[in-house]
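Here are the chains, one letter per residue:
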Amino acid sequence: SILTLLINLFYTSRQVDISLYNLIKDLMPVLCISLFMFIVVYFVTSSFDGVLLQLLLGIRIGGIVYGGLAYLFKIKELHYISELFNQIKLKLFFE
């Protein structure tokens, strides 16, 4: 629930020594992209009958929408994930 989220954010901000405003400001782009992805996936998958088809289609569409919006809005966490994948690829290639 929203109340639980706010309580967790409050105590996390005290532990990490960051203001609650800055913590929410950092999380807001990711939350907005996630909400938009949910809306798109919900409306697209609700038009199909099979549960397995809904699941597979939802995963694919959700990944494309989230990844595309994260790239479009230059979400910094996407850069970290990209670096991690590159390091894994280099390890696998040279070992």
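Whatever comes next refers back to the structure up there.
Now for a description of the structure that goes with this document. (Residues numbered from 1 in each chain as written. Predicted model: local features only at pLDDT ≥ 70, side-chain atom pairs only at ≥ 80, totals over all residues. Heavy atoms only, no water.)

**Points about the overall build of the protein chain**
Along the protein chain, the regular secondary structure elements total four helices and zero strands. Shown N-terminal to C-terminal, the secondary structure of the protein chain runs as helices and strands in the order α-α-α-α. Radius of gyration (C-alpha) of the protein chain: 17 Å, far over the 12 Å computed for a compact globule of 95 residues. Overall size of the protein chain, expressed as C-alpha extent along the three principal axes, is 45 × 45 × 20 Å. Taken across its 95 residues, the protein chain has 14% of its residues classed as buried. Summed over all atoms, the accessible surface of the protein chain reaches about 8100 Å², with 71% contributed by carbon and sulfur. Averaging the positions of the 7 positive and the 6 negative side-chain charges in the protein chain gives two centres separated by 4 Å. (Helix = DSSP H or I, 4+ residues; strand = E, 2+ residues; numbered from the N terminus. Rg over C-alpha atoms; globule rule 2.2 N^0.38 Å. Buried < 20%, exposed > 50% of the residue type's maximum accessible area, 1.4 Å probe, protein only. Areas by Shrake-Rupley, 256 points an atom, 1.4 Å probe, with all protein chains shown as cover. Lys, Arg positive; Asp, Glu negative; His and termini not counted. Charge placed at Lys NZ, Arg CZ, Asp CG, Glu CD.)

**A short note on helix α1 (residues 2-16)**
Here α1 is 15 residues long and its end C-alpha atoms lie 21 Å apart, about the 21 Å a rise of 1.5 Å per residue gives. Taken from the residues just after α1, Asp17 is the one with a positive phi, measuring 60°. (Expected span 1.5 Å × (residues − 1).)

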